[in-house]
Amino acid sequence: MKINIELDPEAFGAHRQELFRNADFAVSAHRCAERGPMLTLANCRGALTVLPYQGLAIWDAEFDGYSLKSGRRSARGLGRKRADDAAFCPAWPSHDGAPLQMQRVWLQLTGDELTLHGEGERLGGRWRIGPALRLAAQSAQFAIEMKVTNLAERPQPLRYVCRLNYDCIPDAVFRQNLPTPALLGDAIGQELLCSDDLTRYVDQAEFFMLTPQGRRYVTRFATGQFNYGLRRIAVQGNRRLLAFVQPANCRPNAPEGEAGVMLGAGKTRAFCVTTGVV
């Protein structure tokens, strides 16, 4: 059985209100004074806190008692969180600092899977954007999806990074189903590493991050959708730390005319990343 629930910005008040609950999921809504409407999608393992009308950006993801954004115990509202950035952003980077606004947002329940959908247009109606977040019952992993349609009458460059802002954890160990040469790509300035073209090695890339405390995180994606993996370099004291992978459909410094960057008029491209706790 499929259940659809249309969401209305007016339904988000100052006090948390439960919108839906069954044996597997609970969905609640409230309005944050600083960030606007917020939606919480919860299962028995944890919850996603989402900014539904700002491109379905995930403000935080908390599973098995830990925040994926801060790396600390979540304790529901306690502990350190980076207040300046969303944890996971399915929508591509904003233009001129303006977040991607959704014209329509709705929930869909199908069996043991809960999906949050969004629809919007941007840049003078030249793009139609359709992000989605999927959470399965009893799972600490979730899918971040994006559909992009070029509404212009000519090809346009599409540069898309699925931003997974995991905390940089000292002494974390990284594993992947790729040979070492695949990761030895370009250094973009002092803050970013870009892999080689991953389609040369595997069809489905799988990256793992193991913390000293024993927690394991995973990110999976098809290399036909995301050719590259980006790694942010963070500085903590006198240490340089690598962050978890961020899938990208092209190199950050790729020229506009490069084959994988352009999307033809009227064409749609779909992306999907699965990430979370193993």
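Residues numbered from 1 in each chain as written. Predicted model: local features only at pLDDT ≥ 70, side-chain atom pairs only at ≥ 80, totals over all residues. Heavy atoms only, no water.

Novice: What am I meant to see in the overall build of the protein here?
Specialist: In terms of regular secondary structure, the protein is built from one helix and 24 strands. The globule rule puts the C-alpha radius of gyration for 278 residues at 19 Å, and the 19 Å found for the protein is close to it. Along the first, second and third principal axes, the C-alpha atoms of the protein reach 50 × 50 × 35 Å. Pairs at least 24 residues apart make up 57% of the contacts formed inside the protein by residues separated by at least 6 positions. Carbon and sulfur atoms make up 48% of the accessible area of the protein, which totals about 13,200 Å². Seen as two clouds, the 34 positive and the 28 negative side-chain charges of the protein have centres 3 Å apart. (Helix = DSSP H or I, 4+ residues; strand = E, 2+ residues; numbered from the N terminus. Rg over C-alpha atoms; globule rule 2.2 N^0.38 Å. Contact = heavy atoms within 4.5 Å. Areas by Shrake-Rupley, 256 points an atom, 1.4 Å probe, with all protein chains shown as cover. Lys, Arg positive; Asp, Glu negative; His and termini not counted. Charge placed at Lys NZ, Arg CZ, Asp CG, Glu CD.)

Novice: Before we go on, may I ask you to explain the environment of I188 in this structure?
Specialist: Residue position: I188 is located in strand β16 (residues 186-188). Among the residues examined, I188 registers a relative accessible area of 23% and is labelled partly exposed. The spatial distance from the C-alpha of I188 to the C-alpha of R216 is 28 Å, given a sequence separation of 28 residues. With near-sequence residues (within four places) excluded, I188 lies in contact with C194, P252 and N253. (Buried < 20%, exposed > 50% of the residue type's maximum accessible area, 1.4 Å probe, protein only.)

Novice: Help me understand the nonpolar core, please; the structure alone is not making it clear to me.
Specialist: Within soluble globular proteins, side chains that are nonpolar tend to cluster in buried spots. Among the nonpolar cores identified, the biggest contains 60 residues, and F88, L116 and F142 are the most heavily contacted of them. When neighbours within four sequence positions are excluded, L116 is seen to be in contact with L7, L39, L41, V50, L56, V105, W106, L107, P131, A132 and L133. (Core = buried A, V, L, I, M, F, W, Y, C linked by side-chain atoms within 4.5 Å.)

Novice: It is not clear to me how the environment of A248 should be interpreted in this structure. Could you clarify?
Specialist: If you trace the backbone, A248 turns up in strand β22 (residues 246-248). A relative accessible area of 0% places A248 in the buried class. A248 sits 20 residues away from Y228 along the chain, and the two C-alpha atoms are 5.1 Å apart. Filtering out sequence-adjacent residues up to four positions away, A248 remains in contact with Y160, V161, F226, N227, Y228 and L230.

Novice: When you look at unusual backbone geometry in this model, what are you seeing that I'm missing?
Specialist: What you tend to see is this: most non-glycine residues have negative phi, and most peptide bonds are trans. Even without glycine at this site, D64 takes up a positive phi of about 50°. The topology assignment puts D64 in the loop between β6 (57-63) and β7 (66-67). At D171, a position not held by glycine, the phi torsion is positive, near 65°. The residue D171 is located in the loop between β14 (163-164) and β15 (173-176) in this model. Here D171 falls in the exposed class, since its relative accessible area comes to 53%.

Novice: Help me understand the sheet that holds strand β10 (residues 113-122) in this model?
Specialist: To summarise the sheet geometry, strands pair through backbone hydrogen bonds and adopt either a parallel or an antiparallel arrangement. Taken together, nine strands build an open sheet; the order of strands is β1-β9-β10-β11-β12-β24-β19-β18-β15 and the sheet is antiparallel. Lying at the two open borders of the sheet, with one neighbouring strand each, are β1 (2-6) and β15. Adjacent strand axes in the sheet meet at a mean angle of 15°, parallel and antiparallel pairs treated alike. Two elements, β1 and strand β9 (residues 104-110), share five bridges in a ladder whose sense is antiparallel. Within the sheet, the bridge partner assigned to I3 lies in β9 and is L109. (Pairing = 2+ DSSP bridges. Axes fitted to C-alpha atoms, helices over the stretch in contact; angles between N-to-C directions.)

Novice: Explain the packing of aromatic side chains to me, please; I cannot follow it from the model alone.
Specialist: Centre-to-centre distance and the angle between the planes together describe a pair of aromatic rings. In this structure the tally under the stated criterion is twelve aromatic pairs. Taking 6.0 Å as the distance between ring centres and 20° as the angle between the ring planes, the aromatic pair formed by F63 and F142 counts as stacked. With F63 in strand β6 and F142 in strand β12 (residues 141-150), this pair connects stretches of sequence that are 79 residues apart. Considered together, F63 and F142 belong to a single accessibility category, that of buried residues. Between F226 and F271, the ring centres sit 5.1 Å apart and the planes meet at 45°, which makes this aromatic pair tilted. (Phe/Tyr/Trp six-rings, centres within 6.5 Å; stacked < 30°, edge-to-face > 60°.)

Novice: Hey, could you run me through the confidence of the model for the protein in this one?
Specialist: Do not read the predicted coordinates in detail wherever pLDDT is low. Confidence in the prediction for the protein averages 88 pLDDT; 90% of positions are at 70 or higher. When the criterion is pLDDT under 50, residues 75-83 qualifies, and its contacts beyond four places in sequence or with other chains add up to 16 contacts. Considering only residues more than four positions removed or in separate chains, one finds that residues 93-97, a stretch of pLDDT under 50, has six contacts. (pLDDT = per-residue confidence, 0-100.)

Novice: Please explain empty space enclosed by the protein as it appears in this structure.
Specialist: Leftover empty space is mapped by rolling, across the atoms, a probe with the size of a water molecule. Under the definition given, this model contains one cavity of 30 Å³ or more. Empty space within the largest cavity amounts to approximately 30 Å³. For the lining of the largest cavity, the secondary structure elements donating two or more residues are β1 and β9. The leading source of residues in the lining of the largest cavity is β9, at three residues. For the lining of the largest cavity, the class distribution of residues is seven nonpolar, one polar and no charged. (1 Å grid on protein atoms, 1.4 Å probe; cavity = no way out; pocket = protein on both sides within 12 Å on 5 of 7 lines; lining within 4 Å. Points joined across faces, edges and corners; volume = space filled by probe spheres on them. Nonpolar A, V, L, I, M, F, W, Y, C, P; charged D, E, K, R; others polar.)

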